[in-house]
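What follows is each chain in one-letter form.
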Amino acid sequence: QVQLIESGGGTVQAGDSLRLSCAVSERTRSKYAVGWFRHAPRKAREFVAVINWTGGSRTYADSAKGRFTISRDNAENTVHLQMNSLNPEAPALYYCAAIGTDTFLPVRPRLYAFWGQGTQVTVSS
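Quick caveat, the model's predicted, so the values are computed rather than measured. (Residues numbered from 1 in each chain as written. Predicted model: local features only at pLDDT ≥ 70, side-chain atom pairs only at ≥ 80, totals over all residues. Heavy atoms only, no water.)

Asker: Summarise unusual backbone geometry; cite the residues concerned and give the values.
Answerer: We note that asparagine 77 has phi near 55°; this positive angle belongs to a residue other than glycine. Counting through the fold element by element, asparagine 77 comes out in the loop between β7 (68–73) and β8 (78–83). With a phi close to 50°, serine 85 is a non-glycine residue in the positive phi region. Inspection of the secondary structure assignment puts serine 85 in the loop between β8 and β9 (89–99). (Helix = DSSP H or I, 4+ residues; strand = E, 2+ residues; numbered from the N terminus.)

Asker: Which residues make up the sheet that holds β7, and what values go with them?
Answerer: One open sheet holds the four strands; their spatial order is β1-β3-β8-β7, and the pairing between them is antiparallel. One side of each edge strand has no neighbouring strand; the edge strands of this open sheet are β1 (4–7) and β7. Each strand of the sheet is rotated relative to its neighbour by a mean of 15°, with strand direction disregarded. (Pairing = 2+ DSSP bridges. Axes fitted to C-alpha atoms, helices over the stretch in contact; angles between N-to-C directions.)

Asker: Please set out the pairing of β7 residue by residue, giving values where relevant.
Answerer: Going residue by residue along β7, you find Phe68, Ile70 and Arg72 tucked away on one face and Thr69, Ser71 and Asp73 left uncovered on the opposite face. Sheet topology note: the β7/β8 ladder contains six bridges and is antiparallel. Paired with arginine 72 across the strands is valine 79, a residue of β8. The hairpin turn running from β7 into β8, its antiparallel successor, is four residues long, and asparagine 77 in that turn takes a positive phi close to 55°. (Buried < 20%, exposed > 50% of the residue type's maximum accessible area, 1.4 Å probe, protein only.)

Asker: How would you explain the confidence of the model for the protein if you had to name every residue and give the values?
Answerer: For the protein, per-residue confidence averages 93 on the pLDDT scale, and residues scoring 70 or more make up 97% of the total. Least confident of the elements in the protein is β9, whose mean pLDDT is 94; most confident is strand β5 (residues 46–51), at 98. (pLDDT = per-residue confidence, 0-100.)

Asker: Now, about the state of the cysteines: what can you tell me, with residues and values included?
Answerer: One pass over the full model with this rule turns up one disulfide. Here cysteine 22 engages in a disulfide with cysteine 96; their sulfurs sit 2.1 Å apart. The chirality of the disulfide connecting cysteine 22 with cysteine 96 is right-handed, given an S-S dihedral of about 70°. Note that cysteine 22 is positioned in strand β3 (residues 18–24) and cysteine 96 in strand β9, a separation of 74 residues in sequence. Under the relative-accessibility criterion, cysteine 22 is labelled buried at 0%. Take cysteine 96: its relative accessible area is 0%, and that puts it in the buried class. (Disulfide = S-S within 2.5 Å.)

Asker: An account of the side chain of serine 21 is needed here, citing residue identities and associated values.
Answerer: Of note, serine 21 is situated in strand β3. Reaching out from serine 21, the side chain makes a polar contact with the side chain of histidine 80 at a distance of 2.9 Å. Each residue touching serine 21, except ones within four places of it in the same chain, is listed here: Ile5, Glu6, Ser7, Trp36, Thr78, Val79 and His80. (Polar contact = N/O pair within 3.5 Å; in protein donor to acceptor, adjacent residues only side chain to side chain. Contact = heavy atoms within 4.5 Å.)

Asker: Summarise the packing of aromatic side chains; cite the residues concerned and give the values.
Answerer: For the structure shown, the criterion picks out six aromatic pairs. Between phenylalanine 37 and tyrosine 112 the ring centres are 5.1 Å apart and the planes differ by 80°, which places this aromatic pair in the edge-to-face class. Pair noted here: phenylalanine 37 is in strand β4 (residues 33–39) and tyrosine 112 is in the loop between β9 and β10 (114–115), with a separation of 75 residues, a long-range link. Tyrosine 112 carries the same exposure label as phenylalanine 37, and that label is buried. Through a chain of ring-to-ring contacts, three or more aromatic side chains come together here, namely Phe37, Phe47, Tyr95, Tyr112 and Trp115. One Lys or Arg, arginine 45, reaches over the ring of tyrosine 95 and ends 4.1 Å from the middle of that ring. The residue whose ring lies beneath arginine 45 is tryptophan 115, and the NZ or CZ to ring-centre distance is 4.6 Å. (Phe/Tyr/Trp six-rings, centres within 6.5 Å; stacked < 30°, edge-to-face > 60°. Lys NZ or Arg CZ within 6 Å of the ring centre and 35° of its normal.)

This is the structure in structure tokens:
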């Protein structure tokens, strides 16, 4: 069982930066990939970024490339999502999710077994 807790959300202005963090419980010895997803009201949950167990491989959504960076510190059991040059958007929940794999980098939400409760991000114009 993996438990995840997101933090770092808030309300910022367009062009600002935010750093989201995902604290992962220590109850598992399995290797796992961690992804970030965004869920806006009345829209489907959408992929943002994913990082593999070692941190050596990452995949980003096209909308995140060049602006967002996903990283992880396995010693601290934490995954971060640095978001720069944020675009105006309606309030959305950002979730981190985990899947037990040491190589696979899934982008589809339904493939992830464990989810956090989300942290809200609002970017005003």
